[in-house]
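# Inside the fold
Listed below are the residues making up each chain.
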Amino acid sequence: MNIDRFTKCASLLASAVLIVALSACDTLISFLPDADDEIVSHESPVPQLLGLSGEIQIGVVVSETGAFADSSGTPLIQGFELARKEINAGQIGDARITFITEDDQGTVEGAVAAFDKLILQDKVSAILGPTHSRQARAVFPTSQENKVVALTVISTASGLSAIGDYNFRINLPNDVLYPSGVSATKERIGYRQVATIYDASDLYGLDSDARLQEALRDNGVKILSSQTFQTGDPDISKQFEVIAKLNPDAVFVSALNAYVPQIIIQGRALVAESVPFIIPHITLTEVQTARAAAEGVVTFTGWSEHADTPNNSAFVEAYRSAYGSAPTIWAAQSYTAAYLLASAIADAQSTDSTAIRDAMASIENRDTILGNFSFDHNGDPVYDPLVLIVENGQLEIFEGDDGIDATTPFIEDLHINEVTLAVAESFPPQVFLHVDGYLPDSCTEIHQTTERREGNTFYIQITTKRPRDLACATVITEIQHVVGLGAFDPGMYRAIVNGVSLDFEIP
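My aim in this report is to walk through the structure given alongside it, one point at a time. (Residues numbered from 1 in each chain as written. Predicted model: local features only at pLDDT ≥ 70, side-chain atom pairs only at ≥ 80, totals over all residues. Heavy atoms only, no water.)

### Description of the overall build of the protein
- Within the protein, the secondary structure is distributed over eleven helices and 25 strands.
- Within the protein, the proportion of its 507 residues that are buried is 53%.
- In the protein, once contacts between residues fewer than 6 apart in sequence are set aside, the share between residues at least 24 apart is 68%.
- Surface exposure of the protein reaches about 21,400 Å², of which carbon and sulfur atoms provide 48%. (Helix = DSSP H or I, 4+ residues; strand = E, 2+ residues; numbered from the N terminus. Buried < 20%, exposed > 50% of the residue type's maximum accessible area, 1.4 Å probe, protein only. Contact = heavy atoms within 4.5 Å. Areas by Shrake-Rupley, 256 points an atom, 1.4 Å probe, with all protein chains shown as cover.)

### Some words on the sheet that holds strand β19 (residues 415-424)
- Strand order across the open sheet formed by three strands is β19-β20-β23, with antiparallel pairing between neighbours. Each end of this open sheet is capped by a strand with a single partner; those strands are β19 and β23 (477-487). Across the sheet, the axes of successive neighbouring strands diverge by a mean angle of 20°, strand direction being ignored.
- Looking at chain direction, β19 and strand β20 (residues 430-439) are connected through nine bridges and run antiparallel. Across the sheet, the residue bridging to Glu418 is Asp436, located in β20. (Pairing = 2+ DSSP bridges. Axes fitted to C-alpha atoms, helices over the stretch in contact; angles between N-to-C directions.)

### Here we look at the packing of aromatic side chains
- Per the stated rule, a full pass over the model turns up 17 aromatic pairs.
- Judged by centre distance (6.0 Å) and plane angle (55°), the ring pair of Phe315 and Tyr319 falls under tilted. Here Phe315 pairs with Tyr319, and both are found in helix α9 (residues 312-323), just four residues apart, close to one helical turn. The pair formed by Phe315 and Tyr319 is uniform in burial state, with each residue classed as buried.
- The structure contains a cluster of three or more aromatic residues connected by ring pairs, namely Trp303, Phe315, Tyr319, Tyr323, Tyr335 and Tyr339.
- Between Arg268 and the ring centre of Phe277, over which it is positioned, the NZ or CZ distance is 4.2 Å.
- The cationic tip of Arg452 hangs over the ring face of Tyr459; the distance from NZ or CZ to the ring centre is 4.5 Å. (Phe/Tyr/Trp six-rings, centres within 6.5 Å; stacked < 30°, edge-to-face > 60°. Lys NZ or Arg CZ within 6 Å of the ring centre and 35° of its normal.)

### Re the pattern of salt bridges
- Scanning all chains against the criterion turns up 14 salt bridges.
- Between Arg211 and Glu214 there is a salt bridge, with its nearest N and O atoms 3.6 Å apart. Taken together, the positions of Arg211 and Glu214, both in helix α5 (residues 203-218) and three residues apart, correspond to about one turn of that helix.
- By relative accessible area, Glu214 is classed as partly exposed at 37%.
- The salt bridge involving Arg452 is made with Glu454; its shortest N-O contact spans 2.2 Å.
- Through salt bridges with shared partners, a single ionic network connects Glu102, Lys117 and Asp122. (Salt bridge = Lys/Arg side-chain N within 4 Å of Asp/Glu carboxyl O.)

### Focus on empty space enclosed by the protein
- For the structure on display, the rule yields four cavities of 30 Å³ or more.
- Taken together, 13 residues make up the lining of the largest cavity; nearest its centre are Leu284, Trp303, Pro327, Leu388 and Leu395.
- When the residues that make up the lining of the largest cavity are grouped by side-chain class, the tally is seven nonpolar, five polar and one charged.
- If you add up the space inside the second largest cavity, you get close to 90 Å³.
- Along its surface, the second largest cavity is lined by His132, Ser133, Ile154, Ser155, Thr156, Asn171, Tyr204, Ala255, Leu256, Asn257, His281 and Trp330.
- Tallied by class, the residues present in the lining of the second largest cavity amount to five nonpolar, seven polar and no charged. (1 Å grid on protein atoms, 1.4 Å probe; cavity = no way out; pocket = protein on both sides within 12 Å on 5 of 7 lines; lining within 4 Å. Points joined across faces, edges and corners; volume = space filled by probe spheres on them. Nonpolar A, V, L, I, M, F, W, Y, C, P; charged D, E, K, R; others polar.)

### Let's talk about the side chain of Thr98
- For Thr98, the location among the structural elements is in strand β4 (residues 96-103).
- With relative accessibility at 18%, the residue Thr98 sits in the buried group.

### Observations concerning the environment of Val271
- Structurally, Val271 is set in the loop between α7 (260-268) and β11 (277-278).
- In the structure, Val271 is positioned 27 residues away from Ala244 in sequence and 5.0 Å away in space, judged by C-alpha atoms.

### Description of the sheet that holds β4
- Read from one edge of the open sheet, five strands run β4-β3-β5-β6-β7, paired in parallel fashion. The outermost strands of the open sheet, each flanked by one partner alone, are β4 and β7 (167-169). Strand-to-strand twist in this sheet, taken as the mean axis angle between neighbours without regard to direction, amounts to 25°.
- Where strand β3 (residues 55-62) and β4 come together, eight bridges link them in parallel fashion. Counted as the bridge partner of Gly59 is Ile100 from β4.
- Running at roughly 165° to β4, helix α1 (residues 69-89) makes contact with β3, β4 and β5 (126-128) of the sheet.
- Contacts from helix α3 (residues 133-145) reach β6 (149-152) and β7, with the element oriented near 130° to β7.

### Focus on the side chain of Ser350
- Here Ser350 shows up in the loop between α10 (329-348) and α11 (353-361).
- Using a relative accessible area of 18% as the deciding quantity, one classes Ser350 as buried.

### A closer look at the packing of helix α2 (residues 108-121) against α3
- Two elements in contact, α2 and α3, have axes separated by 9 Å at closest approach and are oriented at 25°. For the element pair α2 / α3, the angle class is roughly parallel. Both α2 and α3 take part in a crossing whose hand is right-handed. Note on element contacts: α3 touches α2 through Arg134, Gln135, Ala138, Val139, Thr142 and Ser143, opposite Val108, Ala111, Val112, Phe115, Asp116 and Ile119.
- Its residues assigned to classes, the contact of α2 with α3 comprises seven nonpolar, three polar and two charged. (Parallel < 35°, antiparallel > 145°, perpendicular 65-115°, else oblique. Left-handed = near helix turned anticlockwise from the far one by under 90°.)

### Concerning the packing of α1 against α9
- Following both chains from N to C, one finds α1 and α9 inclined at 110°, their axes separated by 11 Å at the closest point. The pairing of α1 with α9 is recorded here as roughly perpendicular in orientation. Residues Pro75, Gln78, Gly79, Glu81, Leu82 and Glu86 of α1 form the contact with α9, whose own contacting residues are Phe315, Ala318, Tyr319 and Tyr323.
- Of the residues assigned to the contact of α1 with α9, the class counts are six nonpolar, two polar and two charged.

### With respect to α3
- An ideal rise of 1.5 Å per residue puts 18 Å on 13 residues; α3 measures up with 19 Å between its terminal C-alpha atoms.
- Val139 marks the point of greatest bend in α3, at about 35°, and the proline Pro141 comes within the next four residues.
- Every buried residue of α3 is accounted for by Ser133, Gln135, Ala136, Val139, Phe140 and Ser143.
- Each element contacted by the buried residues of α3 is listed here: α2, β6, β7 and α5.
- A positive backbone phi angle near 55° is found at Lys147, which sits one or two residues after α3. (Expected span 1.5 Å × (residues − 1). Bend = angle between axes of the 7 residues up to and from the residue.)

Here it is, written out as structure tokens:
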């Protein structure tokens with residue numbers, strides 16, 4: 001019989017113990033702390049470890065130091081600790097959960113060393129961690145080989161849990177979150193053409209952008225440009241200059257949270273305020289760091305402090321009381337992870353790793369602060385995602401609006417068939433490009449032509465515009481657009497028009 005959704009009514013006449021059982025016998029209010037714990041006094045469903053006794057050691061791998069200590073390390077630790085205190089304070093028996101915490105230093109090497117110590121030296125049966133996708137990819141084979149349950153909180157890259165049946169995660173993977181997130185934001189914002197920018201040196205950035213582009217294409221959204229950068233690049237303004245010239249309806253950003261504020265600030269300085277930034281998994285920490293530049297940012301994610309999910313308001317209140325600030329999603333998810341792992345141990349009534357694995361895999365339709373929660377056959381989570389928007393410096397539930405202003409036209413690249421060269425008989429020679437293309441309907445017309453020269457290469461972009469609020473007949477019209485490049489000295493040159501290249505020589 002599962003006992004993780006309720007607690008048994010009991011009366012213990014011990015001077016050091018006081019447990020008040022509610023008449024309904026389905027919710028326990030605990031007033032008994034560990035010796036080193038603060039009193040917990042809000043309602044929470046506590047899994048009971050009745051068949052166990054003494055200390056139950058669980059490994060924890062987080063970034064206590066390094067680049068991610070503030071953005072994810074601290075909230076993860078606080079969420080774990082809050083859950084541990086509540087679980088221990090609510091026990092009828094004498095079993096208590098203790099953590100052996102190892103610092104992964106925000107690196108793959110640190111995560112590998114932490115897992116090796118916890119598995120080989122401390123002999124733990126379960127580990128809460130690691131933090132990020134590239135770390136999980138490195139250590140999940142180790143936990144699988146040694147038959148140790150690993151429950152990662154933040155990692156989202158697709159396919160990680162499928163590495164082995166001892167591996168689980170809490171955060172919604174990209175291939176689950178993004179299709180629903182793109183569908184919802186497209187409906188509420190009304191974008192038809194977008195740009196993306198992502199960290200090409202990180203597993204999360206690569207997988208995130210790939211999954212976003214797949215979801216965008218499936219929703220009929222045109223991707224005007226995909227710009228890249230490398231972890232730690234101090235200046236990405238050139239990438240945003242390219243994006244700004246394309247006039248997208250929205251910009252999607254894929255990067256680890258620690259680098260998101262810099263991206264928002266640099267991007268917002270160049271891209272029009274009317275163009276929303278959509279950044280999966282952004283938290284209040286990044287919003288507060290980016291300040292005014294983050295206003296209007298949209299995200300799809302797995303949790304909100306405003307969500308009407310079981311015990312969520314009690315969690316938020318308890319977190320604020322314990323730590324003096326609002327929780328971020330990482331605190332909420334680490335809190336949930338600790339509860340689910342404790343529930344699996346309670347269901348198994350054992351600290352044997354295989355028994356815990358079997359109990360974890362059986363978790364289905366469990367009430368959590370993230371909502372109704374299950375693990376699928378790969379160990380990936382199943383629960384409903386949310387769409388949030390930054391308003392007045394806070395992440396609020398995004399109910400949607402009327403979309404993009406109907407007076408704003410659609411701006412797209414001209415469809416090009418061929419580019420040819422014409423040279424006027426003058427001195428020095430005057431060069432012209434004849435661009436053969438077509439307009440897709442009766443409402444579309446040439447918008448503007450922009451030119452940029454780098455050495456002997458000319459980059460030309462020709463855009464079209466079409467009214468957003470008109471129904472237009474599909475009448476394809478062939479056109480020839482002439483672009484004058486001016487006078488040229490002798491030499492070899494290249495012109496690139498909307499991606500079509502033409503090499504030519506001026507004698």
